[in-house]
Amino acid sequence: MENKEEKLIGTRGSIFTLLLTGVFFLFIQNVLRSHVHMEIGPKNAIAIFSALPLTGVFWFASNMFYITFVDHVRNKKRNQ
């Protein structure tokens, strides 16, 4: 057995996930802006506050997917 554990996510993976999360935030904010039904008021602020929790869930899910995918590829390489 190996005692040395390799990191499943590195700097490039973190940057890629953050970029994807930023793109998702901008996209979902734009979608939610059209669903805010306000005549007067901070329409953009409501859309931003609504997009933040969805972006957080996306960030967690994308990190979990990335880590699981990297682990799967490494295990596949070891077994060959």
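Structure first, text after, so check above.
Rules used throughout
- As a convention, each chain's residues are numbered from 1 in the sequence order in which they are written.
- Totals for whole chains, interfaces and linings use every residue, but because this is a predicted model, local features are given only for residues with pLDDT of at least 70 and side-chain atom pairs only at 80 or more, for both listing and counting.
- As a convention, hydrogens and water are excluded, and side-chain values are obtained from all of the structure's heavy atoms.
- The set of buried Ala, Val, Leu, Ile, Met, Phe, Trp, Tyr and Cys residues whose side-chain atoms join them within 4.5 Å is what this entry labels a nonpolar core.
- Categorising residues by exposure relies on relative accessible area from a 1.4 Å probe, with only protein chains included: less than 20% of the type maximum marks a residue as buried, more than 50% marks it as exposed, and the intermediate range marks it as partly exposed.
- Helical segments are the DSSP runs of H or I of at least four residues, strand segments are the runs of E of at least two, and each set is numbered from the N terminus.
- The criterion used for residue contact is that any of the two residues' heavy atoms lie within 4.5 Å.
- Each polar contact in these results corresponds to two N or O atoms within 3.5 Å; when the atoms are within protein, one needs to be able to donate a hydrogen and the other to accept it, and residues that are neighboring in sequence are counted only if both atoms are side-chain atoms.
- Here the aromatic set is Phe, Tyr and Trp, taking the six-membered ring for Trp, and pairing holds for ring centres within 6.5 Å; pairs whose planes are under 30 degrees apart are stacked, those over 60 apart are edge-to-face, and all others are tilted.

## A closer look at the nonpolar core
Core analysis: the largest hydrophobic core is formed by six residues, namely Phe 25, Ile 28, Leu 32, Val 36, Ala 47 and Ala 51. Of all the secondary-structure elements, those providing two or more residues to this core are α1 (11-33) and α2 (43-79). With three residues, the top contributor of residues to this core is α1. Setting aside residues up to four positions removed in sequence, Ala 51 forms contacts with Phe 25, Ile 28, Gln 29 and Leu 32.

## Description of the side chain of Thr 55
By the secondary structure assignment, Thr 55 is in helix α2. At a separation of 2.7 Å, a polar atom in the side chain of Thr 55 contacts the main-chain carbonyl oxygen of Ala 51. Setting aside anything within four residues of it in sequence, one finds Thr 55 in contact with Thr 21, Phe 24, Phe 25 and Ile 28.

## What to know about the packing of aromatic side chains
Tallied over the entire structure, the rule returns three aromatic pairs. Note on Phe 24 and Phe 58: the rings are 4.4 Å apart at their centroids and 10° apart in plane angle, and the pair reads as stacked. Here the residue Phe 24 occupies a position in helix α1, and Phe 58 occupies one in helix α2, the gap between them amounting to 34 residues. Looking at Phe 58, the relative accessible area reads 25%, which means it is partly exposed. Taken together, a centroid distance of 6.1 Å and an interplanar angle of 15° make the contact between Phe 65 and Phe 69 stacked. Of this pair, Phe 65 and Phe 69 both sit in helix α2, separated by four residues, roughly a single helical turn. Classification of Phe 65 as exposed rests on a relative accessible area of 60%. Owing to a relative accessible area of 46%, Phe 69 belongs among the partly exposed residues under this scheme.

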